[in-house]
Amino acid sequence: DTLSLHDALPIFSDLVHVFYPHTCKGCGSDRLAEQQLLCTPCIRQLPHTEFAFHAHNYIERIFFGRIPIEAGHSEFCFSKGQLIQRLIHQLKYNGQRAIGIYLGEKTGNTLLESGRFRTIDAIVSLPMFPEKEAKRGYNQASIIASGIARAMQVPFWENALIRKALTETQTRKHRTERWNNVADSFAIPDPDRLAGKHILLVDDVITTGASIEACAQHLLKIPYTRVSITSIAHA
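Reading guide: rules and limits
- Residues numbered from 1 in each chain as written.
- Predicted model: local features only at pLDDT ≥ 70, side-chain atom pairs only at ≥ 80, totals over all residues.
- Heavy atoms only, no water.
- Helix = DSSP H or I, 4+ residues; strand = E, 2+ residues; numbered from the N terminus.
- Expected span 1.5 Å × (residues − 1).
- Buried < 20%, exposed > 50% of the residue type's maximum accessible area, 1.4 Å probe, protein only.
- Contact = heavy atoms within 4.5 Å.
- Pairing = 2+ DSSP bridges.
- Axes fitted to C-alpha atoms, helices over the stretch in contact; angles between N-to-C directions.
- Phe/Tyr/Trp six-rings, centres within 6.5 Å; stacked < 30°, edge-to-face > 60°.
- Lys NZ or Arg CZ within 6 Å of the ring centre and 35° of its normal.
- Parallel < 35°, antiparallel > 145°, perpendicular 65-115°, else oblique.
- Left-handed = near helix turned anticlockwise from the far one by under 90°.
- Nonpolar A, V, L, I, M, F, W, Y, C, P; charged D, E, K, R; others polar.

**Some thoughts on unusual backbone geometry**
Residues other than glycine seldom take positive phi values, yet glutamine 153 does so here, at roughly 60°. In this structure, tyrosine 224 takes a positive phi of about 60° despite not being glycine. On the secondary structure map, tyrosine 224 appears in the loop between helix H10 (210-220) and strand E6 (226-234).

Below, the structure is given as structure tokens:
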């Protein structure tokens, strides 16, 4: 007997799944819906911080006495070898931009729910040096920022900040070395556009906060500009 189209579709779908499996970006399981990036067990593993709901949280304390930020947040705790590190690694080095959008949307929803970030006017990401961005193909902070912007329904102003010089990698540098490495490497092409705005500055992972601090200092020189900070994770 000839199969009807209705009967054939599940078989075709199963064959597609065999040759082009849709798997969880966290653990590799194929037990997830086609539109999902993470399976339910991995979603439950994500180490949310809840920082956005509390003034004087860990991220805000990093910048006490350094820059006057309005509010600060990191959505997840970063731990080596754990799920969030694997996801960020895939975003940065394996071209998995959808992960950045997904994690950005998670962060944006938290920021909205907290109520402490509702006056944000625009979202700006930490820039990469153009040569490095061209080699990678994109700036992961910009991908994250676009996800946050989508969730918060706030404009993302790409290239509002630019990196002027190729600085050495921040890995393995202590706080003073990180600051000296980035202090004069950023610029703002159109400061009038940002005047009087409450800017949300976005990075992927906050460690010492040296790059965020350098960018925020430039932004805060613009008249009546306010800065809040967020990232996907803190280490």
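**Some details on helix H5 (residues 97-114)**
Between its first and last C-alpha atoms H5 spans 26 Å; for 18 residues at 1.5 Å apiece the expected length is 26 Å, and the two agree. Within the span of H5, buried status applies to Ile99, Gly100, Ile101, Tyr102, Leu103, Gly104, Thr107, Gly108, Thr110, Leu111 and Ser114. Where the residues of H5 are buried, they touch helix H2 (40-45), strand E1 (72-77), helix H4 (83-93), helix H7 (140-152), strand E5 (198-206) and E6. Directly after H5, the chain includes glycine 115, whose backbone phi takes a positive value near 80°.

**Quick word on the sheet that holds E1**
Overall, parallel pairing links the four strands, which are arranged E1-E6-E5-E2 in an open sheet. If you trace the sheet from one side to the other, it starts and ends with E1 and strand E2 (122-125), each paired once. Put simply, the sheet's adjacent strands are angled 20° from each other on average, direction ignored. In terms of strand pairing, E5 meets E6 through eight bridges, oriented parallel. Bridge pairing in E6 places valine 202 opposite threonine 230. Of the strands in this sheet, E1, E5 and E6 touch H4, which is tilted by about 110° from E6. Running over the sheet, H10 touches E5 and E6 and is turned about 170° from E5.

**Thoughts on the packing of aromatic side chains**
Scanning the model with the defined rule gives one aromatic pair in all. The ring centre of tryptophan 157 lies 4.3 Å from the NZ or CZ of arginine 193, which sits over that ring.

**What about the packing of H4 against H5?**
Where H4 contacts H5, the axes come no closer than 7 Å and their chain directions differ by 130°. Relative to H5, H4 is oriented oblique. Crossing of H4 against H5: the hand is left-handed. Contacts between H4 and H5 involve Ile84, Leu87, Gln90 and Leu91 from the first element and Arg97, Ile99, Gly100 and Leu103 from the second. Here the residues of the contact of H4 with H5 are counted per class, giving five nonpolar, two polar and one charged.

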